[in-house]
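Examination of the molecular architecture
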Amino acid sequence: MAAGIALPARAELVIDLRRGNVQPLPIAIADFGGEGGLGVQVAGVITNNLRRSGYFLPIDKARFPERQPSFDAPPQFAGWRAAGVQGLVTGRVTRDPSGRLRTEFRLWDVTSGEQITGQQYFTDPNNWRRVGHIISDAVYTKITGIGGFFDTRIVFVDESGPKENRRKRLAIMDQDGANLRYLTPGENLVVTPRYSPASQDITYMSQTSGQQPRVHVLNLDTGARQVVGNFPDMTSSPRFAPNGQRIAMSLQQGGNANIYLMDLGSRTTTRLTTTNAIDTSPSFAPDGTQIVFESDRGGQQQVYVMGADGSNARRISFGEGSYSQPVWSPRGDLIAFTKRGKNGFAIGVMKPDGSGERILTEGFHNEGPTWAPNGQYIVFFRDPGGQAGGKLYMVDVTGRVEQPIPTPSFASDPTWSPLLTG
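Residues numbered from 1 in each chain as written. Predicted model: local features only at pLDDT ≥ 70, side-chain atom pairs only at ≥ 80, totals over all residues. Heavy atoms only, no water.

What to know about the overall build of the chain
The condition is simple: For helices the rule is a DSSP run of H or I covering at least 4 residues; for strands it is a run of E covering at least 2, with both sets numbered from the N terminus onward. With the radius of gyration taken over C-alpha atoms, the globule rule is written as 2.2 Å times the number of residues to the power 0.38. Classification of residues uses two cut-offs on accessible area relative to the type maximum, computed with a 1.4 Å probe and protein chains only: under 20% is buried, over 50% is exposed, and between them is partly exposed. Computed by Shrake-Rupley with a 1.4 Å probe, the accessible areas treat only the displayed protein chains as cover when residues are assessed. Under the counting rule used here, the positive set is Lys and Arg, the negative set is Asp and Glu, and His together with the chain ends is not counted. A charge is said to be at NZ when it belongs to Lys, at CZ for Arg, at CG for Asp and at CD for Glu.
Helices and strands together make up the secondary structure of the chain, namely three helices and 31 strands. Over its C-alpha trace the chain gives a radius of gyration of 23 Å, about what one expects of a compact globule, namely 22 Å for 422 residues. Buried positions account for 55% of the 422 residues belonging to the chain. When the accessible surface of the chain is totalled, it reaches about 17,700 Å², and 47% of it is carbon and sulfur. Distance from the positive charge centre (43 side chains) to the negative charge centre (39 side chains) of the chain: 1 Å.

Quick word on the sheet that holds strand β28 (residues 377-382)
Worth spelling out the cut-off: If DSSP finds at least two bridges between two strands, the strands pair. To obtain each axis, a line is fitted to C-alpha atoms, and for helices this fit is confined to the stretch in contact; angles are then taken between N-to-C directions over 0 to 180 degrees.
In space, the four strands of this open sheet follow the order β27-β28-β29-β30, with antiparallel pairing throughout. Two strands bound the open sheet, and with one partner strand each, they are β27 (366-371) and β30 (402-405). Neighbour-to-neighbour, the strand axes of this sheet turn through a mean angle of 30°, independent of strand direction. Across four bridges, the pairing between β27 and β28 is antiparallel. Within β28, the residue paired with Trp371 across the bridge is Ile378.

Quick word on the sheet that holds strand β8 (residues 153-160)
Read across the sheet, four strands follow the order β10-β9-β8-β31 without closing on themselves; strand pairing throughout is antiparallel. Of all strands in the sheet, those bounded by a partner on one side alone are β10 (181-182) and β31 (410-416).

A word on the pairing of strand β11 (residues 189-195)
Judged by how many residues are buried, β11 sits mostly within the fold: five of seven residues are covered. When β11 meets strand β12 (residues 201-207), the two strands line up antiparallel, connected through five bridges. For Arg194, the partnering residue across the bridge sits in β12 and is Thr203. In textbook terms, the turn of a hairpin is the stretch between consecutive antiparallel strands, and for β11 and β12 this stretch comprises five residues.

Regarding the pattern of salt bridges
Charged atoms that come close allow side chains of opposite charge to pair. The test is simple: By convention in these notes, a salt bridge is any Lys or Arg side-chain nitrogen within 4 Å of a carboxyl oxygen on Asp or Glu.
Within this structure, the stated rule accounts for 15 salt bridges. With a shortest N-O distance of 2.7 Å, Arg130 and Asp151 are connected by a salt bridge. With Arg130 in helix α3 (residues 128-144) and Asp151 in the loop between α3 and β8, the pair connects residues that are 21 residues apart, well separated along the chain. On the basis of relative accessible area, Arg130 is assigned to the partly exposed category, the value being 22%. A relative accessible area of 1% places Asp151 in the buried class. Here Lys168 ties to Glu159 by a salt bridge, and the two come within 3.9 Å at their closest N and O atoms.

A few points about α3
Operational definition: A helix is expected to span 1.5 Å for every residue after the first.
The first and last C-alpha atoms of α3 sit 24 Å apart over 17 residues, in line with the 24 Å expected at 1.5 Å per residue. Across the 17 residues of α3, 13 count as buried, placing the element largely inside the fold. Positive phi appears at Gly145, one or two residues downstream of α3, with a value of about 80°.

Side note on helix α1 (residues 38-53)
Its 16 residues place the ends of α1 23 Å apart at the C-alpha level, agreeing with the 22 Å of an ideal helix rising 1.5 Å per residue. Gly54 sits one or two positions beyond α1 and adopts a positive phi of about 85°.

As for the nonpolar core
Put simply, the rule reads: Residues belong to a common nonpolar core when they are buried Ala, Val, Leu, Ile, Met, Phe, Trp, Tyr or Cys residues joined through side-chain atoms within 4.5 Å.
Among the nonpolar cores identified, the biggest contains 47 residues, and Ile27, Phe32, Leu50, Phe56, Val139, Tyr140 and Ile143 are the most heavily contacted of them. Broken down by element, this core gets its largest block of residues, seven residues, from α3. Counting residues in hydrophobic clusters, the runner-up holds twelve residues, among them Val215, Val228, Met249 and Met262.

Let's talk about the packing of aromatic side chains
Quick note on the threshold: Here a Phe, Tyr or Trp ring, Trp counted by its six-membered ring, pairs with any other such ring whose centre lies within 6.5 Å, and the pair is stacked when the planes are under 30 degrees apart, edge-to-face when over 60, and tilted otherwise. For a ring to carry a charge above it, either NZ of a lysine or CZ of an arginine must fall within 6 Å of the ring centroid while also lying within 35 degrees of the normal to the ring plane.
Evaluation of the coordinates by the stated rule reveals 14 aromatic pairs. Their ring planes at 35° and their centres at 4.2 Å tell us that Phe149 and Phe150 sit as a pair that is tilted. For the residue pair Phe149 and Phe150, the accessibility class agrees, reading buried in each case. When the ring centre of Tyr393 is taken as reference, the NZ or CZ atom of Arg382 above it lies at 4.5 Å.

Here we look at the side chain of Asp279
This is how it is decided: For this analysis, a polar contact is any N or O atom pair within 3.5 Å, provided that within protein one partner can donate a hydrogen and the other can accept it, and provided that sequence-adjacent residues contribute only side-chain to side-chain pairs. Note on contacts: a residue pair qualifies if any of its non-hydrogen atoms lie within 4.5 Å across the two residues.
Note on placement: Asp279 falls in strand β19 (residues 279-284). Within the structure, the side chain of Asp279 is placed 3.0 Å from the side chain of Thr273, a separation counted as a polar contact. A distance of 2.5 Å separates a polar atom in the side chain of Asp279 from a polar atom in the side chain of Ser295. Once residues within four sequence positions are removed from consideration, Asp279 is found in contact with Ser250, Ala257, Asn258, Ile259, Thr273, Phe293, Glu294, Ser295 and Arg297.

Remarks on the confidence of the model for the chain
Test applied: A residue's pLDDT is the confidence the predictor assigns to it, expressed on a 0 to 100 scale.
Looking at the chain as a whole, its pLDDT mean stands at 91, while 96% of the residues score no less than 70. Per-residue pLDDT, averaged within each element of the chain, yields its smallest value for strand β1 (residues 2-3) (54) and its largest for strand β21 (residues 302-307) (98).

Things to note about the environment of Ile146
Relative to the helices and strands, Ile146 is located in the loop between α3 and β8. Among the residues examined, Ile146 registers a relative accessible area of 16% and is labelled buried. Separated by 229 residues in sequence, Ile146 and Gly375 place their C-alpha atoms 9.0 Å apart. Not counting the four nearest positions on each side in its chain, Ile146 is found in contact with Leu17, Tyr140, Thr141, Arg331, Asn374 and Gln376.

Written out as structure tokens, the structure reads:
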């Protein structure tokens, strides 16, 4: 997707996410002019994205002093200031002579009356939603100073049918729930999909009736599939290394499980842990030097960190209850986890040394945390119990922002892609 060159910033329109209590910034996203109804649709995607982030408050169109400001002239800033707007996004969607979609936008600081960024994108008309996500990322990043997360996808396990006989299929969708499609037909049980941080590959567990579960790798661009863990005993919880060239997984042998590392090129495996316990759910630090995992070697499930070669394993979780499913943040600053206590299951975060533990959300059953590529949000699934099933939710690292993510049926085991745009 081709892009133009951003204009230099000359003003200060900032949300400081380091502050304790961030108030959402009032912003207006005007309908984009130009091509048919696409301008309205692109603006709708941007509005929805920024609202769901929790850090922006898009104002209602009924309060707009200009319904569709001219893209080629400065907005009527006095009117927008009177409407309580601090940031304003304007845009235009046209077609070039080859039929490609040309989408332009400008971000204005209403208080200072200055444009703080602008960009244009050329793409196939079918990619109009992605353009909306990319513009959302540009606005979000410019104002918060944090990388975007809107131009991403989520793979999850779609669950349908009665609870006693659920059909489980891998599905993929945009982070806002749009463009859903299925990756597996539902004939075999599938669990724990995990995205590669470096490519459009996912690894997951699949089990054919009467056989041991196997580790699979699926390339989402080509559809190519391969079995990478054809061991005689059960394998589980595969996860890619940061470079996408290796997979860490847990291999069960009798009543024990240990963590192994497989090189996808040579298919050689290296054993990383040797215990008479259950070691599972490995997750790499973003620099690849350490692995966080869960183990019951101390009597109940707790979180441990070790070197990527298996050295110097040390426990880092010491709160009440048990800890599982640790996942290292892409920023490297936090580890997310599932915690089981007296009041049910919670999603929380702690620093890599175990300090600073915070619970972000808790309830009857919350599980399966996965990080956004910017390290600011976590998606997980929540199951209310009974005959119902799981649903996906997004929470930010402060715990103040929590949003449902729409899926067509029940959903579990989410995994968040890296940014699709380089």
